[in-house]
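Residue-level structure breakdown
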Amino acid sequence: MSQPSQANRAEWRPQRFGRVNGRKVIDPLIEPVWVGERVLAHVETSGPRVSDGRPFVVILDDAGNTIEGFADIAEAIGAATRASALVIDGYLTDQVEHAVNLRTPSLVPIPTVSGLTRQMIVGGSRRPEAPSQLDRSIPVNPATPTTFVAVDLLLVDDEEVLEVPLLERKRLLESVLEESHLVRRGIYVRPPIDSWLMSWRSLGFGAIAFKAANGHYRPGHDNDGWAISRMPTR
């Protein structure tokens, strides 16, 4: 792992989904796609930009612009950080308010969900929809109760983890970012996912992501190791 310059980090953008069918993603981790604004959070808890012991946190949108108006979120991210520096891929979202039981799959049976899963998610003959249709970055109003949901990790303690497999990046994220009311780590599961689909759909998620467990992170680029599909409605 190499050490990037501050300038290089500032140029990083969120990795984008490819245009492949989910069934083509090898050994996938599967997660619900959050509704909200896709961002990269840059955090430093030591160094010249730390003032009065308060972590330096800047939140950038997918165009690289600083997002203003979320001082409480930035403060919570800094307080949750257990490293000297992090760069985190995540979402600013108000959806968490409606997803209290996110980590508990629904046990309510819904007929033919397995068939729908195969046809509409991973095995159908339909051409995959453009990722931009399902993973739109939607700005969140600072006046709305908002949470930061972390889904990936790009840097820890000034060390890039872009070449580290996704599953290990997820595990690293769990060790360096604590959860709080304003900071959450996104859930991910492995197949089979029928019961999770029921739960996520009932909580209002409209799409799911398939991400290769051994995949690397390419800031600002499309990655065919990531696929996104619409959630079946019935």
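Now for a quick tour of the structure. This is a predicted model, so every value here is computed, not measured.

Another aspect to go through is the overall build of the protein chain. Scanning the protein chain from N- to C-terminus turns up six helices and eleven strands. With 234 residues in all, the protein chain has 52% of them scored as buried. For the protein chain, restricting intrachain contacts to residue pairs at least 6 apart in sequence, the fraction spanning at least 24 positions comes to 80%. Summing over all exposed atoms, the protein chain offers an accessible surface of approximately 11200 Å²; the carbon and sulfur share of this is 51%.

Let us look at the side chain of Arg169. Tracing the backbone shows Arg169 in helix α5 (residues 166-176). In contact with Arg169, not counting residues within four places along its chain, are Asp152, Leu153, Val161, Leu162, Val164, Gly215, His216 and Tyr217.

Within the open sheet, the three strands sit side by side as β2-β9-β11. Their pairing is antiparallel. Edge positions in the sheet fall to β2 (28-32) and β11 (226-230), since each has one partner strand and no second. Each strand axis lies, on average, 20° off the axis of its neighbour in the sheet, ignoring direction. Looking at chain direction, strand β9 (residues 207-212) and β11 are connected through five bridges and run antiparallel. Bridge pairing in β11 links Phe210 to Ala227. Packed onto the sheet, α5 meets β2 and β9 and runs at close to 50° relative to β2.

A few words on the packing of aromatic side chains. What the rule picks out here adds up to four aromatic pairs. Each ring, one from Trp34 and one from Phe205, has its centre 4.9 Å from the other, and the planes form 80°; the classification is edge-to-face. In this pair, Trp34 is assigned in the loop between β2 and β3 (37-44) and Phe205 in the loop between α6 (194-202) and β9, connecting sequence segments 171 residues apart. On the basis of relative accessibility, which here comes to 3%, the residue Phe205 falls in the buried class. On the numbers, 5.9 Å between centres and 40° between planes, the contact of Trp196 with Trp200 is tilted. Of this pair, Trp196 and Trp200 both sit in helix α6, separated by four residues, roughly a single helical turn. In this pair, the class of Trp196 matches that of Trp200, namely buried. Connected via pairs of aromatic rings, a cluster forms that spans Phe17, Tyr217 and Trp226. A cation sits over an aromatic face here: Lys211 above Trp226, 4.1 Å from the ring centre.

What follows is about the nonpolar core. General note: in soluble globular proteins, nonpolar side chains tend to be found buried as a group. Counting residues in each nonpolar core, the largest one holds 36 residues, and the members touching the most others are Trp12, Ile30, Trp34, Leu154, Val189, Trp200 and Ile208. Only β5 (85-93), β6 (147-156), α6, β9 and β11 provide two or more residues apiece to this core. Among the elements that make up this core, the one with the highest residue count is β9 (five residues). Residues within four places of Leu154 in sequence aside, it is in contact with Trp12, Leu40, Val87, Asp89, Glu159, Glu160, Val161, Leu162, Tyr217 and Pro219. The next biggest cluster of nonpolar side chains, apart from the first, holds 27 residues, and it includes Val43, Ile59, Leu86 and Ala150.

A few words now on helix α2 (residues 71-80). Within α2, the full set of buried residues consists of Ile73, Ala74, Ala76, Ile77, Gly78 and Ala80. Those residues of α2 hidden inside the fold are in contact with β3, β4 (56-61), β5, β6, α5 and β8 (183-185).

It is worth spelling out the layout of surface pockets at this point. The space that makes up the largest pocket amounts to roughly 250 Å³. Lining of the largest pocket is provided by 13 residues; of these, Gln15, Arg16, Arg38, Asp62 and Asp135 occupy positions nearest its centre.

Mapped onto the elements of the fold, Ala150 is located in strand β6. With a relative accessible area of 1%, Ala150 lands in the buried category. On a C-alpha basis, the gap between Ala150 and Gly186 in space is 5.7 Å, while along the polypeptide they are 36 residues apart. Each residue touching Ala150, except ones within four places of it in the same chain, is listed here: Ile88, Asp89, Gly90, Leu173, Leu177, Arg184, Arg185 and Gly186.

Moving on, we come to the side chain of Thr81. Summarising the element assignment, Thr81 is placed in the loop between α2 and β5. At 2.8 Å, the side chain of Thr81 and the backbone oxygen of Ile77 are in polar contact. Discounting chain neighbours no more than four positions away, the residues touching Thr81 are Val43, Thr45, Leu86, Val176 and Leu177.

Procedures and definitions
Residues numbered from 1 in each chain as written. Predicted model: local features only at pLDDT ≥ 70, side-chain atom pairs only at ≥ 80, totals over all residues. Heavy atoms only, no water. Helix = DSSP H or I, 4+ residues; strand = E, 2+ residues; numbered from the N terminus. Buried < 20%, exposed > 50% of the residue type's maximum accessible area, 1.4 Å probe, protein only. Contact = heavy atoms within 4.5 Å. Areas by Shrake-Rupley, 256 points an atom, 1.4 Å probe, with all protein chains shown as cover. Pairing = 2+ DSSP bridges. Axes fitted to C-alpha atoms, helices over the stretch in contact; angles between N-to-C directions. Phe/Tyr/Trp six-rings, centres within 6.5 Å; stacked < 30°, edge-to-face > 60°. Lys NZ or Arg CZ within 6 Å of the ring centre and 35° of its normal. Core = buried A, V, L, I, M, F, W, Y, C linked by side-chain atoms within 4.5 Å. 1 Å grid on protein atoms, 1.4 Å probe; cavity = no way out; pocket = protein on both sides within 12 Å on 5 of 7 lines; lining within 4 Å. Points joined across faces, edges and corners; volume = space filled by probe spheres on them. Polar contact = N/O pair within 3.5 Å; in protein donor to acceptor, adjacent residues only side chain to side chain.

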